[in-house]
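Coordinates in review
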Amino acid sequence: MAHTLVIFGASGDLTSRKLIPALYLLHHKGRLPKPTRVIGVARTKFTHDAWRKELEESTRKFAGKQFDPATWQSFAANLFYHPGDIDKPDDFKALAKLLDELEAGQSTTRLYYLATAPSLYAPAIANLGAAGLADESRGVRRVVIEKPFGTDLKTAQELNRATHEVFAEKQVYRIDHYLGKETVQNILVFRFANSNFEPLWNRRYIDHVQITVAEEVDVGRRAGYYDTAGVVRDMFQNHLLQLLMITAMESPARYTSEFVRDEKVKVLRAIKPLAGGDFARDTVRGQYEGYHTADGVAPNSQTATFAAVKLHIENWRWQGVPFYLRSGKAMSCRTSQIVIQFRPPPIMMFSDGPRTHCDPNKLVIQIQPAEGIQLQFQTKVPDAGMKLETANLDFRFAREFTGDMPDAYQRLLLDAMNGDASLFARHDEVEAAWSIIDPILAAWQSPAAPPLETYPKGQWGPTYSDEWMEGQGRQWFDVCPVLH
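Criteria and thresholds
- Each chain has its residues counted from 1, running along the sequence as written.
- Local features in this predicted model are restricted to residues whose pLDDT is 70 or higher, and side-chain atom pairs enter the listing and the counts only when it is 80 or higher, whereas totals over whole chains, interfaces and linings include all residues.
- Derived side-chain values reflect all non-hydrogen atoms in the structure, with water molecules and hydrogen atoms excluded from consideration.
- Helix and strand definitions here come from DSSP, where helices need a minimum of 4 consecutive H or I residues and strands a minimum of 2 consecutive E residues; each element is numbered from the N-terminal end.
- Atoms counted for the radius of gyration: C-alpha only. Globule rule: 2.2 Å times the number of residues to the power 0.38.
- Think of it in three bands: with a 1.4 Å probe and only protein chains considered, a residue is buried below 20% of the maximum accessible area for its type, exposed above 50%, and partly exposed in between.
- Every residue pair with non-hydrogen atoms within 4.5 Å of one another is taken to be in contact.
- When a carboxyl oxygen of Asp or Glu lies within 4 Å of a side-chain nitrogen of Lys or Arg, that pair is called a salt bridge.
- Two residue types count as positive, namely Lys and Arg, and two as negative, namely Asp and Glu; His and chain ends fall outside the count.
- Pairing of N or O atoms within 3.5 Å defines a polar contact, subject to two protein rules: one partner must be a possible hydrogen donor and the other a possible acceptor, and residues neighboring in sequence count only if both atoms are side-chain atoms.
- Here, a strand pair is defined by DSSP locating no fewer than two bridges between the strands.
- By nonpolar core is meant a set of buried Ala, Val, Leu, Ile, Met, Phe, Trp, Tyr and Cys residues that side-chain atoms within 4.5 Å join together.
- Disulfide: a pair of cysteine sulfur atoms within 2.5 Å of each other.
- To define axes, lines are fitted to C-alpha atoms, for helices over the stretch in contact only, and angles between the resulting N-to-C directions are given on a 0 to 180 degree scale.

This next bit is on the overall build of the chain. Check the secondary structure of the chain and you find 14 helices and 15 strands. For 484 residues, the compact-globule formula gives about 23 Å, and the C-alpha radius of gyration of the chain, at 24 Å, lands near that figure. Across its three principal directions, the C-alpha atoms of the chain cover 80 × 50 × 45 Å. The proportion of buried residues among the 484 residues of the chain is 53%. Residue pairs in contact within the chain that sit at least 24 positions apart in sequence constitute 75% of those at least 6 positions apart.

Let's shift gears to the environment of Ala408. With respect to the helices and strands, Ala408 occurs in helix α12 (residues 408-418). Along the sequence, Ala408 and Glu258 sit 150 residues apart, while their C-alpha atoms lie 21 Å from each other. Non-local contacts of Ala408, meaning those with residues more than four positions away in its chain, are made with His177, Gly180 and Lys181.

Turning next to the pattern of salt bridges. In the structure shown here, the tally under the stated rule is 27 salt bridges. The shortest N-O distance in the salt bridge between Arg60 and Glu56 comes to 3.4 Å. Taken together, the positions of Arg60 and Glu56, both in helix α2 (residues 48-63) and four residues apart, correspond to about one turn of that helix. Accessibility expressed as a relative area gives 43% for Arg60, which makes it partly exposed. In this structure, the salt-bridge partner of Lys266 is Glu263, at a minimum N-O distance of 3.2 Å. Residue Lys266 and its partner Glu263 are both found in helix α9 (residues 257-270); the two are separated by three residues, about one turn of the helix. With a relative accessible area of 47%, Lys266 lands in the partly exposed category. Bridged by salt links that share partners, the residues Glu258, Arg261, Asp262, Arg269, Arg426 and Asp428 form one connected network.

Relative to the assigned elements, Asp176 resides in the loop between β6 (172-174) and α7 (182-192). Buried and unpaired, Asp176 has no salt bridge, with Lys147 as the nearest side chain of opposite charge at 6.1 Å. Within polar-contact distance, the side chain of Asp176 engages the side chain of His239 at 2.9 Å. Non-local contacts of Asp176, meaning those with residues more than four positions away in its chain, are made with Lys147, Asn238, His239, Gln242 and Leu412.

Right, let's talk about the pairing of strand β3 (residues 79-83) for a bit. By the criterion of burial, β3 is predominantly enclosed, with four of the five residues buried. For strand β2 (residues 36-42) and β3, the ladder comprises five bridges, and the chain directions are parallel. Counterpart to Gly40 in the pairing with β3 is Tyr81.

This part covers the nonpolar core. Among the nonpolar cores identified, the biggest contains 143 residues, and Phe8, Ile20, Leu23, Tyr113 and Phe236 are the most heavily contacted of them. Top contributing element to this core by residue count: helix α8 (residues 223-248), with 13 residues. In this structure, Ile20 is in contact with Ile7, Thr15, Val38, Trp51, Leu55, Thr59, Trp72, Phe75 and Leu79, ignoring residues within four places of it in sequence.

The next thing to look at is the state of the cysteines. Formally, a disulfide is one covalent bond, and it connects the sulfur atom of one cysteine to the sulfur atom of another. What the rule picks out here adds up to one disulfide. One disulfide bridge connects Cys333 with Cys480, the sulfur atoms lying 2.3 Å from each other. The sign of the S-S torsion, about -105°, decides the handedness of the disulfide formed by Cys333 and Cys480: left-handed. In this pair, Cys333 sits in the loop between β10 (322-328) and β11 (335-342) while Cys480 sits in the segment after α14 (463-470), placing the two residues 147 residues apart along the sequence. On the basis of relative accessibility, which here comes to 9%, the residue Cys333 falls in the buried class. Relative accessible area serves as the criterion here: at 31%, Cys480 is assigned to the partly exposed category.

Turning to the sheet that holds strand β13 (residues 372-380), a few remarks are in order. Pairing within the open sheet is mixed, and its nine strands lie in the order β14-β13-β12-β11-β7-β10-β9-β8-β15. Lying at the two open borders of the sheet, with one neighbouring strand each, are β14 (388-396) and β15 (452-455). Looking at each pair of strands side by side, their axes are set apart by 20° on average, direction ignored. Relative to β10, strand β7 (residues 206-214) runs parallel, the two being bridged by six bridges. By the bridge assignment for β10, Ala214 is matched with Gly328.

This is how it looks when you write it as structure tokens:
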């Protein structure tokens, strides 16, 4: 089956930095459906050859040692460019004419990728519909929508309505690149393809779960956008809740997109809503020192660059097990990790007495950059009586498998072409996620908001965050991954 990928926002950073390199590498590996055409659409005036030349330079940079000039030439032969304005319906009619010419009446699976500003999603979808480009009489038609999908529950619902006026839900692929990461997908395999951990994956054996997405960089040139979004919109509504869902979900009856997404949505629906004093008790917000000096940030901005939130999943598996979600800018290091902390033995018979407890067992799933899984457990120190010490079983992808870890967009683009929506968000999932986030954002703008704690750059957030955890008898797992 022939495929056509139409990228709106073709002159933007996402296209040159991620999408085209991912498509080129899929072509290089022989995994792109044949034939696959790529048509870029943007207001910039390019010819086909000028666009190809610009993309050759950027792909050479981002593909690195995997770039091969001969392979690029065979890939670039199927790159085309159409100058067009998303706000002009006539430009979509002209695009339809170009697509008909390139496809020559052949039945073709067509993918429309919205790599544009979020404000252009609805106009682009409406004009696709008006130009007849969503009609499936001559092949499957799908639309890929980048995050953020709305800025709150209301705008997400409005965008869902606008999308469903043109495309059926089965045609819609809402993308979060975190789900394309090999280590995120491996959580499903780790849990459901092994018999040793799944029996322990519940409230009887697990004390709590920590999910951290830390960024070493500050807001940089994104300050203007970031000051209107903040860390909760930027990271929690999508990345952290996605990781929570995959960690907490039940096993689907089969590994199909609808079964997987059904189980993910069930997790969100089981999360206990925060209300009243919960926002002051179960959330922490912070801002790194010097944030106000960034270009585009209001002098008195209350935007949080750090947040920690405690959530409870009220179902049989997880009742009473808190999930701690944490993310921040300008932190000690770049890391995304899930920490499963197990309950201690009921009685510790070694060391200083019958009730002395040592460091608890932990399972650490490193999403990035040191992709792997570590299991921390107690062992006896040789020739030291019954002295105990924490040891590690350490699995690293880079050590066990040869070759580079594929970029998340490779997997997601290929899945969208093949019609596998397992790693894409469904409309009810997006709305359920916003229904959890909206009350937090509202509370943080009210007089009852918790204090905005400040923290120096290069630390694990505010000192109060550590005190908050210690007050619950727990500690953050603050370890930067070792790259080797």
